[in-house]
Amino acid sequence: MLALLLLSILLSSSATSGLSTIKSTIPIMNQQHQHQRDAAAYQDFVSSAVDFSGCYVRNGFVTATRSVRDIDTNSRRSFVYNIPLSSPSLAAPPMELSAKIKARIPSPSGDKLAVLVEESVPSDIEGKGQDKKRHVMEIWTNKGHQLAKRIVLPSTIHGPVCTDFAWFGGISWSPDETALVYSAEVNKPKTASYFAASSKEDDKEDDDTIVGGQYTLGVGKKEDWGEKYGTTALLALFCLNVSSGKIGAIENVPACTNTASQTTDGNHVLGQPIFSPCGQAVVYTGWDAGGGGEMPRRLGAIYCYHRPCQIFSSPVSQLLKKLEIDTTEDGDETVADVNFVCITPNDRLSRSPRFSSPSDGVAKLAYLSHTKGFDTHNGCMALHTSDWCMSKGSVVEGTKKVVVDVVTLPGERGDGETISGLKFPGLFLNQLSDRCFSPDGKFILTSSQWGSVVRVVSISLDDGSVKPLSFDMRDGDNRNHAEPSQQFLCFTDDGGAIVTQSECNYPTMLGSLPSSFLTDAKGGISSQVLAELPSAATSFFSPSSAGPCFKAGSGYSYKIMNILPEHGDVKVDVSSILLLPDDAGNEKLPLIVVPHGGPHSATPTSFVPSYGYLCQHGKYAVLHVNFRGSTGFGQAALESLAGNAGTQDVLDVVAATRAAIDTGAIDPERVGICGGSHGGFLAAHLSGQHPDLFKVASMRNPCINIASMVTATDIPDWCYVETLGIGKYEWDNFRAPSKEENDKMWDNSPIAHLENVKAPTLVALGMKDRRVPPSQGLEYFHSLRAKSLPTKLLVYEDCDHAIDRVVSEADFWINTKQWFDKHL
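Residues numbered from 1 in each chain as written. Predicted model: local features only at pLDDT ≥ 70, side-chain atom pairs only at ≥ 80, totals over all residues. Heavy atoms only, no water.

Some words on the overall build of the protein
- When helices and strands are tallied, the protein shows 11 helices and 40 strands.
- The burial tally for the protein puts 55% of its 824 residues in the buried class.
- Summed over its atoms, the accessible surface of the protein is roughly 34600 Å², and 50% of this surface lies on carbon and sulfur atoms. (Helix = DSSP H or I, 4+ residues; strand = E, 2+ residues; numbered from the N terminus. Buried < 20%, exposed > 50% of the residue type's maximum accessible area, 1.4 Å probe, protein only. Areas by Shrake-Rupley, 256 points an atom, 1.4 Å probe, with all protein chains shown as cover.)

Some points on the sheet that holds strand β2 (residues 61–70)
- Pairing is antiparallel across the open sheet formed by four strands, whose spatial order is β1-β2-β3-β4. In this open sheet, the two edge strands, each paired with only one partner strand, are β1 (51–58) and β4 (95–97). Within the sheet, the average angular offset between the axes of one strand and its neighbour, ignoring direction, is 25°. (Pairing = 2+ DSSP bridges. Axes fitted to C-alpha atoms, helices over the stretch in contact; angles between N-to-C directions.)

Details of the nonpolar core
- Within the largest apolar cluster, 165 residues are counted, with the highest numbers of intra-cluster contacts made by Phe 168 and Leu 383.
- By residue number, the principal contributor to this core is helix α5 (residues 648–661), which donates seven residues.
- Phe 168 has contacts with Cys 162, Ser 183, Trp 225, Tyr 229, Thr 232, Leu 235, Val 269, Gly 271, Gln 272, Trp 287 and Ala 301, leaving out every residue within four places of it along the chain.
- If you look at the next biggest cluster of nonpolar residues, it comprises 16 residues, including Val 50, Ala 64, Val 68 and Leu 533. (Core = buried A, V, L, I, M, F, W, Y, C linked by side-chain atoms within 4.5 Å. Contact = heavy atoms within 4.5 Å.)

Details of the side chain of Arg 474
- Mapped onto the fold, Arg 474 is located in the loop between β28 (466–468) and β29 (485–491).
- A polar atom in the side chain of Arg 474 sits 3.0 Å from the side chain of Glu 503. (Polar contact = N/O pair within 3.5 Å; in protein donor to acceptor, adjacent residues only side chain to side chain.)

Focus on the side chain of Asn 626
- Within the secondary structure, Asn 626 sits in strand β36 (residues 621–626).
- Side chain to side chain, Asn 626 and Ser 452 meet in a polar contact 2.9 Å long.

Comments concerning empty space enclosed by the protein
- Taken as a whole and judged by the stated rule, the model has five cavities of 30 Å³ or more.
- Considered as a void within the structure, the largest cavity measures approximately 60 Å³ in volume.
- Considering the residues around the largest cavity, the lining is formed by Ile 419, Ser 420, Gly 421, Leu 422, Gly 451, Ser 452, Asn 562, Asp 573, Ser 575 and Phe 633.
- Partitioning the lining of the largest cavity into residue classes produces three nonpolar, six polar and one charged.
- In this structure, the second largest cavity spans a volume of roughly 50 Å³.
- Taken together, the residues of the lining of the second largest cavity sort by class into six nonpolar, four polar and no charged. (1 Å grid on protein atoms, 1.4 Å probe; cavity = no way out; pocket = protein on both sides within 12 Å on 5 of 7 lines; lining within 4 Å. Points joined across faces, edges and corners; volume = space filled by probe spheres on them. Nonpolar A, V, L, I, M, F, W, Y, C, P; charged D, E, K, R; others polar.)

With respect to the packing of aromatic side chains
- Inspection of the entire model under this criterion finds 20 aromatic pairs.
- Ring geometry for Tyr 42 versus Tyr 613: centroids 5.4 Å apart, planes at 90°, classification edge-to-face. Placement of Tyr 42 in helix α1 (residues 2–48) and of Tyr 613 in helix α3 (residues 609–617) is noted, with a sequence separation of 571 residues between them.
- What makes Tyr 613 buried here is its relative accessible area of 0%.
- Relative to Trp 813, the ring of Phe 812 has its centre 4.9 Å away and its plane inclined at 75°; by these criteria the two rings are edge-to-face.
- When its relative accessible area of 5% is taken as the criterion, Trp 813 is described as buried.
- Clustering of aromatic rings is evident, with ring pairs tying together Trp 167, Phe 168, Trp 225, Tyr 229, Trp 287 and Tyr 305.
- For the cation-ring pair, Arg 348 lies above Trp 731, with the distance from its terminal atom to the ring centre recorded as 5.3 Å. (Phe/Tyr/Trp six-rings, centres within 6.5 Å; stacked < 30°, edge-to-face > 60°. Lys NZ or Arg CZ within 6 Å of the ring centre and 35° of its normal.)

A look at the environment of Val 186
- Mapped onto the fold, Val 186 is located in the loop between β10 (179–185) and β11 (190–192).
- On the basis of relative accessible area, Val 186 is assigned to the buried category, the value being 2%.
- Taking the C-alpha atoms as reference points, Val 186 and Ser 155, separated by 31 residues in sequence, lie 10.0 Å from one another.

Regarding the environment of Gly 421
- Note on placement: Gly 421 falls in the loop between β24 (418–419) and β25 (422–423).
- With relative accessibility at 61%, the residue Gly 421 sits in the exposed group.
- Separated by 141 residues in the primary sequence, Gly 421 and Asn 562 place their C-alpha atoms 8.1 Å from one another.

Observations regarding the environment of Ser 75
- Its place among the elements puts Ser 75 in strand β3 (residues 75–84).
- On a C-alpha basis, the gap between Ser 75 and Val 806 in space is 6.0 Å, while along the polypeptide they are 731 residues apart.
- Beyond its immediate sequence surroundings of up to four residues, Ser 75 is in contact with Val 68, Arg 69, Asp 70 and Val 806.
- Here the side chain of Ser 75 touches Thr 73 through a polar contact of 2.6 Å, side chain to side chain.

Digging into the pattern of salt bridges
- Overall, the coordinates contain 29 salt bridges when judged by the stated rule.
- Lys 222 serves as the salt-bridge partner of Glu 185, at 3.1 Å between the closest nitrogen and oxygen. Residue Glu 185 is found in strand β10, and its partner Lys 222 is found in the loop between β12 (209–211) and β13 (235–241); the two are separated by 37 residues along the sequence.
- Judged by relative accessible area, which is 4%, Glu 185 ranks as buried.
- You can call Lys 222 partly exposed: its relative accessible area is 26%.
- In this structure, Asp 714 engages Arg 771 in a salt bridge whose closest nitrogen and oxygen atoms are separated by 2.9 Å. Within this pair, whereas Asp 714 is found in the loop between α7 (706–709) and α8 (716–724), its partner Arg 771 is found in the loop between β39 (761–766) and α10 (774–786), the two being separated by 57 residues in sequence. The exposure classification of Asp 714 matches that of Arg 771, with both residues buried.
- Through salt bridges with shared partners, one network takes in Glu 119, Arg 134, Glu 138 and Arg 150. (Salt bridge = Lys/Arg side-chain N within 4 Å of Asp/Glu carboxyl O.)

Structural notes on the confidence of the model for the protein
- In this model, the protein carries a mean pLDDT of 89, and residues with pLDDT of at least 70 account for 89%.
- Confidence over residues 1–23 falls short of pLDDT 50; this stretch has zero contacts with residues more than four positions distant or in other chains. (pLDDT = per-residue confidence, 0-100.)

Okay, structure coming up:
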């Protein structure tokens, strides 16, 4: 009996212990399963994103490059699509583009294709030395089917070719397709250590070598253009004859930026080059890099569209002759072309030159301009044109015309047509498309931010009228509240247009408009979908057998909300985009408020996978707030933020949040805030100024203490303009702020409200950030931790301001979702 009793107790104890072990394991297993579900869902959303670039039409085909995130390799892969316009359904499968290919530029006729390749080659014939990179220009003929020539671009002539086609870079064919013009980095002067060994041949020092200059800024070290532009200092222009393979620098340019300079200080950065239709000149944009008097220190260029720049023209007829076969001896670099001309001498900002086809000996030159310029990092642009004489190869004097001027308040120009309740706010765009002129030369097509959407607009060169094109690639669906964002890419050979369309819950589609669309602009325009691309699953973490989490057009909806706030001097609507999951029922939703960065940018109604992930998978309502200061609402509203950062934008976000709560769909006790850069600045401000409204925060690279950031950032002008106001930054001088200015910067900073913060806070930092130094976020993290608030720090060693490396981006958004799951 005793033995049986002992055995019973032992078994009972063992069972209890085993049950306890199982119970303690269940939360861990559930957590692991949740991690897997979150990772699979995120992968599904980012695989559905469609990011197009390099789109053009030649020989009846539209060619576009799609960029895809590859989480497994922490990289982006590119795929080229060739779609026949006559039969889009017969398109061949996409081809993956090698990472070595940096650019593909079709000639005007479509017979030739220039392909820029970056290669790694051994430093010696035996392949024993360290590999070096070089650029090779490949020339493909026979409509791009035959590799006719490979031209190595010698590093003795210039540095890397600039392939930043969104801003500085550019590669353009001559009209006769015999030459290319491109921008490339100016080589640093030759330097040597004080202790370098003398030449074995003789002890005479090389006249071109600067001894002891290898660590001197402007000599062995370059002064670059800040965030994302760490390898860009000075860019010059070069012409390449595609038959002879000869290369020559365009020397008749502003400040004589030449390749034999003894310094990389001063001068101008030259980019966006295009040949004139007559082939006699190259027209380009030149940015003040110290030679124009307004850049004593080179400031950050990325996302900063107000850096002083003008448009120039340089004759190149003699240079092109010298690059022809057997017309000159090798090594003859003499250039006999006459001097350059500044086409826009009275404009502080001019960029993006584009030419029409010639007619009766004259072509139109169009460009974006703002005569006075602006202190804010972005602003409304005007569209200017001038006539170009084909026989003289120059602008016809007295023909400059302001086609569309800067708009101060929405509706002061235009015919009163509205989009989402907003009249024409002016042109808000960074560049014109390469082929933006209609075939008859009477219109320019472009895309412009119009409130919370991006729309395609046609601009009459006759009377300057601006009309948004009305089309919908998803026509036929339930479209009662549709507000898609659309982009113009290029014209087709028959005068039609290639466009894209995207929505918050629908990835980008590629489509076309018929050749009659300009005459149909007042009514609805028919459109054809050319490609609705499927998901590209580039990770083993693909969705489960239950199927994908995301399906285009379903799972969540969106709507635009406009409110007119009582505060502030400029009375323009604050516009927001509210995303709501479909299956909420009558349950009130937690809300994540997302003010954008910039601050002079905007969030449009386009598909962004991270926010779709939070909304549909996380079951959060998401509110994007385009506060006053955003692009697309007129110049006055944009500039109203200057001097009021940390007050007006904060109140705008609060007003938009309360309007969302008033819809009845939001739980007012479960509101969080999420943002990056200026959005992180606002997230920290809102946590401190309105701690009872915003209960949880997640922020990327936030600006926390402007006073301690002003001399460490690549954009000190932001610190002055946004806190002190327009006209407070001295463009021709660089200095530290005064004591009074420092006090104002502190007052406008989130750190001034630290004591009020109660929200559990997630902080993510890119440790290579040059825009908002990581010390800003570290200061905030340590301050919150010292208050014993729940806080978490994510450190991305290899990331800069955007935290846009594929794996780091994924890690941040999954962490953000789980942070809100835990604390909201």
